[in-house]
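# Observations on the model geometry
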Amino acid sequence: MLSRFDPGISISQLRADLHGRVIAPDDEAYDTARTVFVGGVDRRPAVIVRVADATDVSRVISLARETGLELAVRSGGHSNGGLCVTDGGIVLDLSDMKDLQIDLGDRTAWAESGLTAGEYSTTAGAHGLATGFGDTGSVGIGGITLGGGIGYLVRKHGLTIDDLLAADVVTSEGELLRVDAEHHPDLFWAIRGGGGNFGVATRFRFRLHEVDRIVGGMLFLPATADVVESFIAEAKAAPEELSTIANVMPAPPMPFLPAEHHGKLVVMALMAYAGDAEAGERAIAPFRALAAPLVDMVRSMPYPEIYPPEDPDYHPIATVRTMFIDDVDRRSAETIVERIQASPAPMSVAQLRVLGGAMARVPNEATAFAHRGRGLMVNVAALQQGPQDGEPHEAWVSDLADALQQGDPAAYVNFLGMEGEARVREAYPGSTWDRLADIKARYDPTNLFRLNQNIPPAGG
């Protein structure tokens, strides 16, 4: 049977040739398989292949190269731009590749790239071990790793890529390479932050750290300019074991939050102290003293519990801007509070993540992640009812981001939406972009891997 989307693809032949699952447009599973995390994305690929192994990956890449069809690569499906699904092309879906082999002797793990952060952390956590990923359990480790990986262990143990020891990568020619510091070191440098521009990573070898229990969870504080400014100051002064995410936003109607606070401005803080419980309580105490907490759910817990259950039907539509800045002073705090209170969106948020620590001790040139010295990552978002509502929210998001801008413009590639080449260049400033473009020209000269935050090959 030929796909009605493209006469060059024989679904029956694909099913005979591949070990994994081939999902065609007339299959019952098709609509679920093409759905991504971000709402408002309605793309219809010619075929979705849930690959079973690296051989399948190589064959699907060859199919895309031979047919000229657009290739989308999906791990967990959390791309802000919906770049893990294509209209009329091929989706190479890694989500069935979930093998995880843990070596307790040398504290390393070989992990297939279809695993989610939550799945990996739960299995490793059974041994009291962890690798730092992001802040959402359903995110695929493939995408978050290739873009850098800023999560709950960033100050203590660095970015995800700082614990990446090796990877298996299938190139645009379908060749499987073992990539590490000694084998294809240029490619190893590029995949640590350069995204999916250079090939499909099928497995990663990670370093594991002893992280059995943490002191963590949610802390809700009333949001005033003083609280916001003081929270960031305390987070910067805190021990490196403590990583925080401060969301300044109207309080959502969560069942554990008293109804009289719903809709009022709060700091919804996510806290994670990776160390001794008593020391963790001491580190959290200054935050609790900023104001009378509205809700305090910070406690000692096994590390994997930092990833709470998620609603599989939640598909937010939002206008988002990601940036790096150096500090939040009183003026910035006042701007955040005033602008969020005046937002036209049903829900708006300024997310502030204090960085530093282990992440900052790695030289910028060591990996393709080029923002080691910045003090905070900021994400400004306005949630909306549908894609048609974006225009006023885009103006609000841009105005707030511009008001907070400090130093050279900079972006975190994993949080970029469909924002154009100039914004991608902000993720890879200066010589980083040039080096990545040169490596791209060697490993993907025809830009087969282009449905991403794209770095065109040099000379192309």
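About the cut-offs
Residues numbered from 1 in each chain as written. Predicted model: local features only at pLDDT ≥ 70, side-chain atom pairs only at ≥ 80, totals over all residues. Heavy atoms only, no water. Helix = DSSP H or I, 4+ residues; strand = E, 2+ residues; numbered from the N terminus. Rg over C-alpha atoms; globule rule 2.2 N^0.38 Å. Buried < 20%, exposed > 50% of the residue type's maximum accessible area, 1.4 Å probe, protein only. Areas by Shrake-Rupley, 256 points an atom, 1.4 Å probe, with all protein chains shown as cover. Lys, Arg positive; Asp, Glu negative; His and termini not counted. Charge placed at Lys NZ, Arg CZ, Asp CG, Glu CD. Contact = heavy atoms within 4.5 Å. Pairing = 2+ DSSP bridges. Axes fitted to C-alpha atoms, helices over the stretch in contact; angles between N-to-C directions. Salt bridge = Lys/Arg side-chain N within 4 Å of Asp/Glu carboxyl O. pLDDT = per-residue confidence, 0-100. Core = buried A, V, L, I, M, F, W, Y, C linked by side-chain atoms within 4.5 Å.

Tallying secondary structure elements over the protein gives 13 helices and 19 strands in all. In summary, the protein has a C-alpha radius of gyration of 22 Å against a globular reference of 23 Å for 460 residues, a match within 12%. Its C-alpha atoms give the protein principal-axis dimensions of about 65 × 55 × 45 Å. With 460 residues in all, the protein has 58% of them scored as buried. Accessible surface computed for the protein: about 18000 Å², of which carbon and sulfur atoms make up 50%. In the protein, which carries 39 positive and 62 negative side-chain charges, the distance between the mean positions of the two groups comes to 1 Å.

The bulk of non-glycine residues show a negative phi, and the bulk of peptide bonds are trans. Notably, arginine 107 is not glycine yet its phi reads approximately 55°, a positive angle. Take arginine 107: it is sitting in the loop between β5 (100-103) and β6 (108-112). With phi around 60°, asparagine 447 is a residue other than glycine that occupies positive phi space. Overall, the relative accessible area of 13% leaves asparagine 447 in the buried class.

For the rest of this paragraph, the subject is the environment of alanine 366. Along the chain, the position of alanine 366 falls in the loop between β18 (347-354) and β19 (376-383). Spatially, the C-alpha atoms of alanine 366 and alanine 190 are 9.8 Å apart, while their sequence positions differ by 176 residues. Setting aside residues up to four positions removed in sequence, alanine 366 forms contacts with Trp189 and Arg192.

A word on the sheet that holds β5. In spatial order, the strands read β5-β6-β10-β8-β9; together these 5 strands make up an open sheet with antiparallel pairing. Single-partner strands in this sheet number two, and they are β5 and β9 (176-180). The average angle at which neighbouring strand axes cross in this sheet is 15°, direction not considered. Of the pairings in the sheet, the one linking strand β8 (residues 164-170) to strand β10 (residues 200-207) comprises 6 bridges and is antiparallel in character. Across the sheet, the residue bridging to alanine 167 is phenylalanine 204, located in β10.

Further remarks concern the pattern of salt bridges. Taken as a whole, this structure holds 31 salt bridges when the rule is applied. Two residues, glutamate 334 and arginine 330, come together in a salt bridge whose shortest N-O distance is 3.9 Å. Of this pair, glutamate 334 and arginine 330 are both found in helix α10 (residues 330-341), 4 residues apart, which corresponds to roughly one turn of the helix. By relative accessible area, which is 32% here, glutamate 334 ends up partly exposed. Between arginine 423 and glutamate 419 there is a salt bridge, with the nearest N and O atoms lying 2.7 Å from each other. Classification of arginine 423 as buried rests on a relative accessible area of 11%. Judged by relative accessible area, which is 25%, glutamate 419 ranks as partly exposed. Each of Arg321, Glu394, Glu419, Arg423 and Glu426 takes part in salt bridges that share partners, so that together they form one network.

Here we take up the confidence of the model for the protein. Low-confidence regions, as indicated by low pLDDT, have predicted coordinates that should not be scrutinised in detail. Per-residue confidence for the protein averages 95 on the pLDDT scale, and 97% of its residues sit at or above 70. Ignoring residues within four places in sequence, the model shows residues 1-5, a span with pLDDT below 50, making 19 contacts including any to other chains.

Moving on, we come to the nonpolar core. Nonpolar side chains tend to gather and get buried jointly when the protein is soluble and globular. Counting 76 residues, the largest nonpolar core has Tyr120, Ile150 and Tyr303 as its most contacted members. Setting aside its immediate chain neighbours within four residues, tyrosine 120 contacts Leu100, Ala109, Ala111, Thr131, Phe133, Phe206 and Leu208. Listed in part, the 45 residues of the second largest apolar core include Val378, Ala382, Val397 and Ala401.

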